[in-house]
Amino acid sequence: MHVVRAPPLPPPWRGEWRLRDDEHIAGTVKSLVRPDNRCFIFFDSCRADAYQPLLAAVAESVDCDLYLCVDEADSGQLALYLPLGLAVSRREGTYLVPTSPDVTGLGEAGLPAGLAVISAEDADEDRLRLLDDALRQDVPGADGWRWDAAGFHEETFSPAFDPATYLVAVAQPSGEYAGLLRVWNNPEGPLLGLIAALPGYRRRGLARALIAQAFAVLRERGKTEVTAEIDDANVASISLFTGLGARRTGGSSELIRRRIQHRR
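Structure report, in brief.

Reading guide: rules and limits
Residues numbered from 1 in each chain as written. Predicted model: local features only at pLDDT ≥ 70, side-chain atom pairs only at ≥ 80, totals over all residues. Heavy atoms only, no water. Helix = DSSP H or I, 4+ residues; strand = E, 2+ residues; numbered from the N terminus. Buried < 20%, exposed > 50% of the residue type's maximum accessible area, 1.4 Å probe, protein only. Contact = heavy atoms within 4.5 Å. Areas by Shrake-Rupley, 256 points an atom, 1.4 Å probe, with all protein chains shown as cover. Core = buried A, V, L, I, M, F, W, Y, C linked by side-chain atoms within 4.5 Å. Phe/Tyr/Trp six-rings, centres within 6.5 Å; stacked < 30°, edge-to-face > 60°. Lys NZ or Arg CZ within 6 Å of the ring centre and 35° of its normal. Pairing = 2+ DSSP bridges. Axes fitted to C-alpha atoms, helices over the stretch in contact; angles between N-to-C directions. Salt bridge = Lys/Arg side-chain N within 4 Å of Asp/Glu carboxyl O.

1. Considerations on the overall build of the chain
Part 1 of the argument: Scanning the chain from terminus to terminus reveals 7 helices and 12 strands.
Part 2 of the argument: With the principal axes as the frame, the chain shows a C-alpha extent of 65 × 35 × 35 Å.
Part 3 of the argument: Buried positions account for 43% of the 264 residues belonging to the chain.
Part 4 of the argument: If you take every contact in the chain between residues at least 6 apart in sequence, the share linking residues at least 24 apart comes to 64%.
Part 5 of the argument: When the accessible surface of the chain is totalled, it reaches about 13,800 Å², and 50% of it is carbon and sulfur.

So this is what it looks like as structure tokens:
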């Protein structure tokens, strides 16, 4: 058996490797680098004996920490990866959040004084990108995130973009972008991508007001629940959403294989 590297893939993919056994492919792995410079890997159609050589080939080629996500319900995958030198770096829960104000209690949630809300559709794209970068620094597992203009545009105005549920809070009269909420309009149902505010605008009720506005739109469309993914260590967000009636339905583990420091 031997590992071969496939032809180059378009960004953000870093590469693809295949383990060949005679004329058969015993498994493949792809890697991509996110805007926070974290390199994530994805195995596909692998035999049991293919994981170790493929992982070693990627590690040698990219020479950085490698990350991998595993559904918490798949205990077999976790048992497979841990002996390969991967370890759990963080865990994330999946929650379903009701949109009904009778459950959330958000019927009377108004914006804090001195703040207004606009759609991301009407925001300055460069300023919105910089706000997104700043907010991600406090999101577990996303510190160091820096978008380039093209990548941010492609991500933001994807088919899942919904101008009615991607909201930006703006301070008055300065016009500073203070925070945002985005709910992606995915085919399988609405997904809360991010809700966050800059430090000077926290603990004033802004998050609840943005949720109330976006959820009202979703409720009118007949959407009764929104999916949210929250890091298990993010006590404030878990408290916020469970207080709105959210229930945990599953989760995932993020694994890491540390880059091996070679001695000179």
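Read on, since the account is not over.
2. A word on the nonpolar core
Part 1 of the argument: Ranked by size, the top nonpolar core spans 48 residues in total, and within it Leu128 and Phe241 carry the most contacts.
Part 2 of the argument: Looking at this core, the elements that each hand over two or more residues are β6 (87-98), α4 (125-136), β8 (166-171), β9 (177-186), β10 (189-197), α6 (206-220) and β11 (225-231).
Part 3 of the argument: With 7 residues, the single largest contributor to this core is α6.
Part 4 of the argument: Those residues in contact with leucine 128 that lie beyond four places of it in its chain are Ala120, Ala123, Phe152, Tyr166, Val168, Tyr177 and Leu180.
Part 5 of the argument: Grouped together as the second largest cluster of nonpolar side chains are 24 residues, Val58, Val70, Leu84 and Leu255 included.

3. What to know about the packing of aromatic side chains
Part 1 of the argument: For the coordinates displayed, the defined rule picks out 10 aromatic pairs.
Part 2 of the argument: Between tryptophan 13 and phenylalanine 42, the aromatic rings sit 5.8 Å apart at their centres with planes inclined by 70 degrees, giving edge-to-face as the arrangement. Pair noted here: tryptophan 13 is in strand β2 (residues 13-21) and phenylalanine 42 is in strand β4 (residues 39-44), with a separation of 29 residues, a long-range link.
Part 3 of the argument: On the accessibility criterion, tryptophan 13 (31% relative accessible area) is partly exposed.
Part 4 of the argument: Between tyrosine 51 and tyrosine 81, the ring centres sit 5.8 Å apart and the planes meet at 75 degrees, which makes this aromatic pair edge-to-face. On the criterion of sequence distance, the pair formed by tyrosine 51 in helix α1 (residues 51-62) and tyrosine 81 in helix α2 (residues 75-81) is long-range, its members being 30 residues apart.
Part 5 of the argument: By relative accessible area, tyrosine 81 is classed as buried at 5%.
Part 6 of the argument: In textbook terms, an aromatic cluster arises when at least three aromatic residues are bridged by ring pairs, as seen for Phe157, Phe161, Tyr166 and Trp184.
Part 7 of the argument: Over the ring of tryptophan 13 we find lysine 30, and its NZ or CZ is 5.5 Å from the ring centre.
Part 8 of the argument: A cation over an aromatic ring shows up here: arginine 136 above the ring of tryptophan 145, its NZ or CZ 3.9 Å from the ring centre.

4. What about the environment of valine 62?
Part 1 of the argument: Mapped onto the fold, valine 62 is located in helix α1.
Part 2 of the argument: When the C-alpha atoms of valine 62 and serine 31 are compared, they prove to be 9.0 Å apart, with 31 residues separating the residues in sequence.

5. Observations concerning the sheet that holds β11
Part 1 of the argument: Taking strand neighbours across the sheet as the criterion, the 12 strands line up as β1-β2-β3-β4-β5-β12-β6-β11-β10-β9-β8-β7 in an open arrangement whose pairing is mixed. Only two strands of the sheet have a single partner each, and these edge strands are β1 (2-5) and β7 (115-119). Sheet twist, expressed as the mean angle between neighbouring strand axes with direction ignored, is 25 degrees.
Part 2 of the argument: Bridge count between β9 and β10: 8 bridges; the pairing is antiparallel. When the sheet's bridge partners are listed, leucine 181 is paired in β10 with isoleucine 195.
Part 3 of the argument: The sheet strands contacting α1 are β1, β2, β3 (24-33), β4, β5 (66-71) and β12 (247-257), and the helix crosses β2 at an angle near 145 degrees.

6. Description of unusual backbone geometry
Part 1 of the argument: With an omega of 10 degrees, the peptide bond running from proline 11 to proline 12 counts as cis.
Part 2 of the argument: Residue position: proline 12 is located in the loop between β1 and β2.
Part 3 of the argument: For the bond from glutamine 172 to proline 173, the omega torsion is 5 degrees, close enough to zero to count as cis.
Part 4 of the argument: Here proline 173 is to be found in the loop between β8 and β9.
Part 5 of the argument: Its identity is not glycine, yet asparagine 37 carries a phi of approximately 65 degrees, on the positive side.
Part 6 of the argument: Structurally, asparagine 37 is set in the loop between β3 and β4.

7. Overview of the pattern of salt bridges
Part 1 of the argument: Taken as a whole and judged by the stated rule, the model has 19 salt bridges.
Part 2 of the argument: Between glutamate 92 and arginine 90 there is a salt bridge, and its shortest N-O distance comes to 3.3 Å.
Part 3 of the argument: Owing to a relative accessible area of 18%, arginine 90 belongs among the buried residues under this scheme.
Part 4 of the argument: The salt bridge partner of arginine 221 is aspartate 162, with a shortest N-O separation of 2.4 Å. Remark: aspartate 162 occurs in the loop between α5 (149-156) and β8 and arginine 221 occurs in the loop between α6 and β11; sequence separation between them is 59 residues.
Part 5 of the argument: Judged by relative accessible area, aspartate 162 falls into the buried class, the value being 7%.

So, to be careful, I would describe these as geometric facts and stop short of saying anything about function.
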